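An overview of the molecular structure
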Amino acid sequence: MRRAPRSPSGWTMAVFGALAVLLGIVGLIAPDALLTVMGFTDAQGSERPEGDHTLVFVTASSMAAVNMGVYYVLAACSDWKAFFRWTVPFRLLT
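In this text, all values refer to a predicted model and were calculated from it rather than measured experimentally.

Between side chains of opposite charge, a pair can form when the charged atoms approach closely. Following the criterion strictly, the structure yields 2 salt bridges and no others. Here K81 and D79 are joined by a salt bridge, their closest N and O atoms 3.7 Å apart. Three or more residues are tied together by salt bridges with common partners; here these are R6, D79 and K81.

The following block contains the structure:
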């Protein structure tokens, strides 16, 4: 059974989580596109200097964002208030 968030705090958690999942998927599929969306100069493969691991970092961060986003959406749907409180400092930091 699917549940929608039941409080304003739940909705903010759900939106934050959904954005994390969405941008994480973009980063997994097209890391260069994600860099462009974030305002970084796009350097194609041959333009990248040897040893540049930018795309590896973006891909790994994107996978973490997908995982984190799923946690947030599930917590919002179950109205897990303790999780909401625990994440406030980290969401502010993010």
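Inspection of the secondary structure assignment puts S61 in helix α3 (residues 54-77). In the structure, S61 is positioned 34 residues away from G27 in sequence and 8.1 Å away in space, judged by C-alpha atoms.

Cut-offs applied
- Residues numbered from 1 in each chain as written.
- Predicted model: local features only at pLDDT ≥ 70, side-chain atom pairs only at ≥ 80, totals over all residues.
- Heavy atoms only, no water.
- Salt bridge = Lys/Arg side-chain N within 4 Å of Asp/Glu carboxyl O.
- Helix = DSSP H or I, 4+ residues; strand = E, 2+ residues; numbered from the N terminus.

Fair warning: the whole summary comes from geometry, so function is off the table for now.
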